[in-house]
Number of protein chains: 2
Amino acid sequence: MHVAIIGAAGMLGRKLALRIAAEGGIGGRAVERLTLLDVVAPAGLPGFVGPVETRIADLSLPGEAAALVATRPDMIFHLAAIVSAEAELDFDKGYRINLDGTRFLFDAVRLASQQDGYHPRVVFASSIAVFGAPLTYPIPDDFHTTPLTSYGTQKAIGELLLSDYSRRGFFDGIGIRLPTVCIRPGKPNKAASGFFSNILREPLLGREAVLPVPETVRHWHVSPRSAVGFLLHAATLDVETVGPRRNLSMPGLSATVGEQIEALRRVAGDKAVALIRREPDAMITRMCDGWAPGFEATRARALGFTAESSFDEIIRVHIEDELGVPCDPLHRLSWHRPDGHADGAPPAGRRLCRDRVES
Amino acid sequence: MHVAIIGAAGMLGRKLALRIAAEGGIGGRAVERLTLLDVVAPAGLPGFVGPVETRIADLSLPGEAAALVATRPDMIFHLAAIVSAEAELDFDKGYRINLDGTRFLFDAVRLASQQDGYHPRVVFASSIAVFGAPLTYPIPDDFHTTPLTSYGTQKAIGELLLSDYSRRGFFDGIGIRLPTVCIRPGKPNKAASGFFSNILREPLLGREAVLPVPETVRHWHVSPRSAVGFLLHAATLDVETVGPRRNLSMPGLSATVGEQIEALRRVAGDKAVALIRREPDAMITRMCDGWAPGFEATRARALGFTAESSFDEIIRVHIEDELGVPCDPLHRLSWHRPDGHADGAPPAGRRLCRDRVES
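Residues numbered from 1 in each chain as written. Chains lettered and ligands numbered in written order. Predicted model: local features only at pLDDT ≥ 70, side-chain atom pairs only at ≥ 80, totals over all residues. Heavy atoms only, no water.

A. View of the pattern of salt bridges. Tallying each qualifying case throughout the model produces 51 salt bridges over all chains. Among the salt bridges present, the one from Asp116 of chain A reaches Arg72 of chain A, with a minimum N-O distance of 2.8 Å. Of this pair, Asp116 of chain A sits in helix H4 (residues 91-116) while Arg72 of chain A sits in the loop between helix H2 (64-69) and strand S6 (75-78); the two residues are 44 residues apart in sequence, bridging distant segments of the chain. We classify Asp116 of chain A as partly exposed; its relative accessible area is 48%. What makes Arg72 of chain A partly exposed here is its relative accessible area of 25%. Across the salt bridge formed by Arg266 of chain B and Asp312 of chain B, the nearest N and O atoms sit 2.8 Å from each other. On the criterion of sequence distance, the pair formed by Arg266 of chain B in helix H9 (residues 257-268) and Asp312 of chain B in helix H13 (residues 311-321) is long-range, its members being 46 residues apart. On the accessibility criterion, Arg266 of chain B (45% relative accessible area) is partly exposed. (Salt bridge = Lys/Arg side-chain N within 4 Å of Asp/Glu carboxyl O. Helix = DSSP H or I, 4+ residues; strand = E, 2+ residues; numbered from the N terminus. Buried < 20%, exposed > 50% of the residue type's maximum accessible area, 1.4 Å probe, protein only.)

See the structure below:
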């Protein structure tokens, strides 16, 4: 099977490529060839057995989508997007990349399909940003998409195109509405929603993090590991069981910021929690009112999509996948001095270790 | 006020222009200038006091939308569309006219808005085709849009763009989801849904009509007069009271085909009903399963949109507006011979008249 990942240099795209390379296939089908595409050079995959082609391309430019489709991937993951904040700041760029780029891709597949019956699986990373306030909690599967950002609008349009092109028989599309990915690895970024990850990731490294909203703020989360799991599950799902409604609100964990913090306390102790500095920000707090507090995700769960069921678990996934420390519920983390003695204090130079928690 | 009607040669566009001309204004604001645009020449408006410019233009062609916007209409009615059946048959044409045409129009307004603060009202004729089966009854205002036609997809995308461009402050958009317009004047057409109108319009003229579906089929209707009323009300609505969700499911009348027929019997008698010939068509009957049976339309009603409350009323509106016979609930219609004697028989050469019904 030939798999193409569009947006392969992004956080999820990279994790997806690594997972496919590590597992050698998707859902029991071997992957012999990978195409990694992004506007910046995606990293290669030295461990992968087959040929890996990396392409630097912008699908919103003429001919680029057709050039990718000419390689006839059996499976296309479309993860490329201008993120919410940038799409809001740069109206033209957001519509060009997120709407035109997606439509050009779908149209290139359509033309190939009409040419020789080409019929790939297309997995489209949509977002809970297709929903806009006022929202109910939990949000049911049949709730309307009334986005309050240009990014959410562009994703909602992508969903509609995906459904129609699938209904027309040009490809087998599945759109998955990703929850906020938490804990997002890497450095704190300027996204307004960044604090959801910052207040966990930074204290786990012994660094301060700023919390700009009250602890009562409720939001919808999934680990990067489960998000990649969604993509892979969507890739092998029997579309007959999905039916014509090809866009699915993914499962996730609904939690308040207070619940996130208590999970951090259980996993990494009071000293970690003490690194969260409260700096109320009225604008970010107001923005939170517009974000989805949680979903029923009945259809997706019935179709076999799974996510974490506690924030302790989300934190442990981060510790395992990003910090390289195997982690299980019987262990509490603490920072060890170079001499190996644990005293719970998290300054720089110490490393995160597990201490057995007596239960 | 300068008003532009895009799609002015269509049935609703023509009625809208005539009504504005007759009333001289919209919602108390005088209309001094009208621009009527369509891909075929719209008829002029001899009775209108101000200048009427008719333009033959296709907004999906480069420069056409900008040329219209250069005339800076204060109010734009966007009714132009490739209808459902044609958009399904001709994929490219449907997307070009219904999606690109709409986006080009909105973008032309956006660029003008960024140039000099231009900020018109834009009324967009959407459709209940944005909804697709399985549907509940009645469909609530917050039900998701999962169209099962390319036409419905294109309208749903137009709605999303309208909301986002309005939120961004480029114009004040209102999208109205029109029910099936019934009784549609003119000749029977090949639209699968044409029978809803045919079985009333034709017998009222003493002509046979074919009913291809069972009498239990339930659908959502509005008269052309009320549909024009929706457009005019949307044009003057206070957008502050509407909020960010700019697309509204319009009120209408939910009725079964059996209820339509009984209304015809009450208004025009058994002889008219006898002209309905049953010719079951499995394909059209199957299609009916996907059509909306009715809506709550709570928001639209609260915002002052009104429609008929019985099919008798819908039939009477048709008799008054299309057949030129004043009609009220105390009169039953029958066909008069040239000598003025009524005998209830509806052959050609007789004219429709009112007979007082003793109650």
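Once the structure has been displayed, the description carries forward.
B. Main features of the UniProt feature "domain: NAD-dependent epimerase/dehydratase" (unreviewed entry) in chain A. Feature annotation in UniProt places "domain: NAD-dependent epimerase/dehydratase" (unreviewed entry) on residues 4-207 of chain A, given in this structure's numbering. Between the C-alpha atoms that bound residues 4-207 of chain A the distance is 38 Å, and the span itself is 39% helix and 19% strand. (UniProt positions renumbered as here; feature names shortened; annotations may be inferred.)

C. Quick peek at the relation of the copies chain A and chain B. Between chain A and chain B, which share one sequence, the superposing operator has a rotation angle of 180° and an axial displacement of 0.0 Å; the RMSD is 0.0 Å. One copy is carried onto the other by what is essentially a two-fold rotation axis. Among all C-alpha atoms of chain A, that of His144 of chain A lies closest to the rotation axis, at 1.9 Å. Both copies present the same face, since 100% of the interface residues in chain A are matched by interface residues at the equivalent positions in chain B. (Least-squares fit on C-alpha atoms with pLDDT ≥ 70 in both. Contact = heavy atoms within 4.5 Å.)

D. Fine view of the side chain of Arg245 of chain A. Looking at the element boundaries, Arg245 of chain A is found in the loop between helix H8 (239-242) and strand S12 (247-249). The charged side chain of Arg245 of chain A is buried without a salt bridge, its nearest counter-charge being Asp142 of chain A at 6.5 Å. Apart from residues no more than four positions distant in its own chain, Arg245 of chain A is found in contact with Arg299 of chain A together with Gly132, Ala133, Pro134, Phe143, His144 and Thr146 of chain B. (Lys, Arg positive; Asp, Glu negative; His and termini not counted.)

E. Structural detail: the sheet that holds strand S11 (residues 218-222) of chain A. Residues and elements named next belong to chain A. Spatially, S9-S11-S13 is the arrangement adopted by the three strands of the open sheet, whose pairing is mixed. Only two strands of the sheet have a single partner each, and these edge strands are strand S9 (180-181) and strand S13 (253-256). By the bridge criterion, four bridges tie S11 to S13 in an arrangement that is antiparallel. By the bridge assignment, His221 is partnered in S13 with Leu253. (Pairing = 2+ DSSP bridges.)

F. The arrangement of the interface of chain A and chain B in detail. Opposite the 35 residues of chain A that make contact, chain B presents 35 residues. Taking both sides of the interface into account, the surface hidden between chain A and chain B amounts to around 3000 Å²; carbon and sulfur atoms contribute 51%. A per-residue breakdown of the area chain A buries against chain B is headed by Phe91, Leu160 and Arg245 of chain A, which together make up 23% of the total. Joining chain A to chain B, the criterion identifies eight salt bridges. In this assembly, chain A and chain B are joined by 32 residue pairs in polar contact (both at pLDDT 80 or more). Only helix H3 (84-89), H4 and helix H5 (150-167) of chain A provide two or more residues apiece to the side of chain A that touches chain B. In terms of residues, the side of chain A that touches chain B owes the most to one element, H5 of chain A, which gives nine residues. A per-class count over the side of chain A that touches chain B returns 16 nonpolar, seven polar and twelve charged. (Buried area = accessible area lost by both parts, 1.4 Å probe. Polar contact = N/O pair within 3.5 Å; in protein donor to acceptor, adjacent residues only side chain to side chain. Nonpolar A, V, L, I, M, F, W, Y, C, P; charged D, E, K, R; others polar.)

G. Up close: the environment of Asp107 of chain A. In this fold, Asp107 of chain A is placed in helix H4. Among the residues examined, Asp107 of chain A registers a relative accessible area of 16% and is labelled buried. When the C-alpha positions of Asp107 of chain A and Ala65 of chain A are compared, they lie 8.5 Å apart, and in sequence the two are 42 residues distant. Non-local contacts of Asp107 of chain A, meaning those with residues more than four positions away in its chain, are made with Tyr165 of chain A together with Phe91 of chain B. Here Tyr165 of chain A takes part through its side chain, which lies 2.8 Å from a polar atom of the side chain of Asp107 of chain A.

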